[in-house]
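Summary of structural features
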Amino acid sequence: MAAQEIENGTTWGKELWDQFDNLATHTQKGIDFFERFGNFIRDRSAIEVEYALKLRRLVKNYQPKKSKEDEENEFSSLIAFKNVLKEVADLAGQREVVAENLQNQVLQGIMLLAKILREERKKALNQGAGLTQSLHTQIGTLDRAKRSYEKAFREAEKAIESYHKADADFHLSRADVEKQRVNMNIRNSQSEDAKSEYANQLQITNKQQQQHYQIALPEVFNKLQELDEKRTRGMKEFIKRAADVEYEVSPIIARCLEGMVKAADSINEKDDSMIVIEKYQSGFQPPGDIPFEDLSKPDPDAANNSQTHNSSTGLNHMTGKGTTKDKLKKRVGIFGIFTGNKNNLTTDGLKEDFSDLPPTQRRKKLTAKVQELQQKVAQEQAASDGLMKMKGVYEANSMLGDPRTVEEQLNESVNRLDRLRHELLRYQKLLEQANNQTFIQHSPQSNRVIQNGQRSSRHSNGSSNHENSHDDNGEDHPDDAGSLSSSSASPESGLGTSHTSLPGSGQGSTNEQPMNEEYYEADAPLGTCRALYPFDATSEGSIPMSEGEELQVIEVDQGDGWTRVRRFSSKGWEEGFVPTSYIECTLYA
């Protein structure tokens, strides 16, 4: 190929025979540029690594927190988002692959080729410099030979001139003339020798110069041309290689993007809505019609309530507004009738029999508990069977082991199995009772009414107390729907006053306060609130409000979504419940 280029006259050696310095500068700049391209690849690889690191940090920061309840009822949108995070993590992995391949397959190749090019350039330039120096040395020798010849020629001319003058001068002796003739001959001989040396050096110089500019130096320039073209080809190949690195991961990246689209398509808003129903459905029935109360007829229950109220005025300290100072500070859950044992709780703060949950949620928890215990029983049974087989093997062949070593483990396994079966039977009974019960209790919010400035249950008449049913394990469970609206407040029963039945409402004696319960001190507001949206009171115990209206907060939301407020109207002070999501509260410090 090089010979063909020489024939075509497209080589540096022929076209740029006198541009040694410029070619040296050009090849140096080319290699510097090539190394700069390598620095670009290195910096880009660092950016890819940083990008992958930030993607992984992003995935970690937005990873949803795991909870047992969420795992049971995961929304399709949450599952899709988790899948999207997984695909983004895979994208981060592909960016790391790109960075690694850029370093190993591109950057290292560039650095190696740049090193080779520098060494070849140095060798070629040293060779060219040596050829140039040799030619300059020969030219210097020729210049010296030429000066010697010029000097000898001038001296010979002077000797000839001196001889002719001496020969024409009759006053000189024959010996003097002969002396001038001998000197002339010597000078002529020296001039001829100098001429011959000059001619010889000239021939040598011309031959070396021809060799230098037509063969030796063009070879050096062609080497420089070859390494420069090698650098250019390397630039081309490594740019393509860098693109190939991207191409290699593009199918995986495309699958990641397809996974994101698939995750988005898996979102089903109807299924998520059903999960919300499954997660929050209480099982209570909507409130029925409010009965008409004929005030013209005597109400024995009202008389009993009045007597109870009059007998407890010294304790309740009724204010001028008709409200009590000894109000419950905390609501006791949705049912509001079980105080229970605070130590008899599960890890998530619920009672072991889940009696503090609404009916539907309670049945759901009990079902999950039964399934969990059934799985544990099966596992323990398998472990016990394995120990029994091992014991039998040891008894049959004492060389394999001592049966007594398995006896203790077997006894422990049997004891654990008995406890698990007993607990499973207990929860199966609870589940059976929960499934057999018909909950017709209205929602807790619908049972709250404001009577004479007090919060009480419209079903609380103070005349009926129901004993709680107990299972074989001493667990408390409501017998029927009536047990949800009233209960015994005696210390022996372990039950406290319902949060819908305050002292003075006819629910037990005011002296029999629930154990471990705290009370509000006075009717002073806890803060203020502003209505974000208008609200029309549609159930007992609630009051209407208009958008932007300012109210006083009497009792904060205890987890049921309702806040007790008070406002002043043309009829005087009014108290009732409003949805917590409809107001913006500002509590006092």
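Here we summarise the structure given alongside this text. Remember, predicted model here, so these are calculated numbers, not experimental data.

Helix and strand content of the chain: 11 helices and 11 strands. Out of the 589 residues belonging to the chain, those deemed buried represent 37%. Sequence separation of 24 or more characterises 71% of the internal contacts of the chain that already satisfy a separation of 6 or more. As presented, the chain carries roughly 35,300 Å² of accessible surface, and 52% of it is formed by carbon and sulfur atoms.

Turning next to the environment of R121. Locating R121 in the fold gives a position in helix 5 (residues 76–168). Note: C-alpha distance between R121 and I31 (90 residues apart in sequence) is 9.5 Å. What R121 contacts, discounting residues up to four positions off in sequence, is A24, T27, Q28, I31, L224 and L227. A polar side-chain atom of R121 sits 2.8 Å from a polar atom in the side chain of T27.

Another point: the packing of aromatic side chains. Under the defined criterion, the tally for this structure stands at 10 aromatic pairs. Plain terms: the ring middles of Y533 and Y582 are 5.7 Å apart, the flat faces sit at 80° to each other, and that makes the pair edge-to-face. Of this pair, Y533 sits in the loop between strand 7 (527–531) and strand 8 (550–555) while Y582 is found in the loop between strand 10 (572–579) and strand 11 (583–587), placing the two residues 49 residues apart along the sequence. With a relative accessible area of 30%, Y582 lands in the partly exposed category. Residues F535 and W562 carry aromatic rings whose centres are separated by 6.2 Å and whose planes lie at 70° to one another, so their mutual orientation is edge-to-face. Within this pair, whereas F535 is found in the loop between strand 7 and strand 8, its partner W562 is found in strand 9 (residues 562–569), the two being separated by 27 residues in sequence. Counting every residue linked through ring pairs, the aromatic cluster contains Y533, F535, W562 and Y582.

Here we come to a nonpolar patch on the surface. Taken together, L58, Y62 and F81 make up a surface patch of nonpolar side chains, about 300 Å² in accessible area. Checked against the element boundaries, Y62 lands in the loop between helix 3 (20–61) and helix 4 (68–72).

Moving on to helix 6 (residues 174–265). Helix length check: helix 6 (92 residues) gives 132 Å between terminal C-alpha atoms against 136 Å at 1.5 Å per residue, within 8%. Where helix 6 bends most, at H212, the angle is about 45°.

Another aspect to go through is the nonpolar core. Core analysis: the biggest nonpolar cluster contains 37 residues, and I41 and L224 have the highest contact counts within it. The set of elements that each furnish at least two residues to this core consists of helix 3, helix 5 and helix 6. Per-element accounting of this core gives the leading share, 14 residues, to helix 5. Residues in contact with I41, not counting those within four places in the same chain, are L102, V106, L107, I110 and A242. Within the second largest apolar cluster, 13 residues are counted, among which are L366, L373, Y427 and A434.

Spatially, the five strands line up as an open sheet ordered 10-9-8-7-11, and their pairing is antiparallel. The two strands at the open ends of the sheet, each matched to only one other strand, are strand 10 and strand 11. Ignoring strand direction, the axes of neighbouring strands in this sheet form an average angle of 35°. As defined by bridge partners, strand 8 adjoins strand 9 across three bridges and the pair is classed as antiparallel. When the sheet's bridge partners are listed, V553 is paired in strand 9 with V565.

Right, let's get into the pairing of strand 9. A large share of strand 9 lies buried, amounting to seven of its eight residues. Here strand 9 folds back onto strand 10 in antiparallel fashion, the turn holding two residues.

For any two helices packed against each other, one specifies the crossing angle of their axes together with the interaxial distance. Relative to each other, helix 3 and helix 6 sit at 15°, their axes nearing to 11 Å. In terms of orientation, helix 3 lies roughly parallel with respect to helix 6. Crossing angle aside, the handedness with which helix 3 passes helix 6 is left-handed. Contact with helix 3, carried on its side by F20, L23, H26, T27, G30, I31, F33, F34, F37, I41, R44 and E48, involves L217, F221, L224, L227, D228, R231, G234, M235, F238, I239, A242 and E246 of helix 6 and no other residues of that element. Partitioning the contact of helix 3 with helix 6 into residue classes produces 15 nonpolar, four polar and five charged.

Right, let's get into the pairing of strand 7. On strand 7, burial follows the alternation: G527, C529 and A531 on one face are buried, whereas T528 and R530 on the facing-out side are not. Where strand 7 meets strand 8, four bridges bridge the pair, whose relative direction is antiparallel. Across the sheet, the residue bridging to R530 is E550, located in strand 8. Pairing between strand 7 and strand 11: five bridges, direction antiparallel. Along strand 11, the bridge assignment pairs A531 with I583.

A separate point is the pattern of salt bridges. Enumeration according to the criterion identifies 22 salt bridges in this entry. As a salt-bridge pair, E96 and R56 come within 3.0 Å of each other at their nearest N and O atoms. Linking E96 in helix 5 with R56 in helix 3, this pair joins segments that are 40 residues apart in sequence. Between E155 and R187 there is a salt bridge, with the nearest N and O atoms lying 2.9 Å from each other.

Criteria and thresholds
Residues numbered from 1 in each chain as written. Predicted model: local features only at pLDDT ≥ 70, side-chain atom pairs only at ≥ 80, totals over all residues. Heavy atoms only, no water. Helix = DSSP H or I, 4+ residues; strand = E, 2+ residues; numbered from the N terminus. Buried < 20%, exposed > 50% of the residue type's maximum accessible area, 1.4 Å probe, protein only. Contact = heavy atoms within 4.5 Å. Areas by Shrake-Rupley, 256 points an atom, 1.4 Å probe, with all protein chains shown as cover. Polar contact = N/O pair within 3.5 Å; in protein donor to acceptor, adjacent residues only side chain to side chain. Phe/Tyr/Trp six-rings, centres within 6.5 Å; stacked < 30°, edge-to-face > 60°. Patch = residues over 30% accessible without salt bridge, like charges linked within 9 Å, V, L, I, M, F, W, Y side chains within 5 Å. Salt bridge = Lys/Arg side-chain N within 4 Å of Asp/Glu carboxyl O. Expected span 1.5 Å × (residues − 1). Bend = angle between axes of the 7 residues up to and from the residue. Core = buried A, V, L, I, M, F, W, Y, C linked by side-chain atoms within 4.5 Å. Pairing = 2+ DSSP bridges. Axes fitted to C-alpha atoms, helices over the stretch in contact; angles between N-to-C directions. Parallel < 35°, antiparallel > 145°, perpendicular 65-115°, else oblique. Left-handed = near helix turned anticlockwise from the far one by under 90°. Nonpolar A, V, L, I, M, F, W, Y, C, P; charged D, E, K, R; others polar.

Keep in mind that these numbers describe shape and distance, not what the molecule does.
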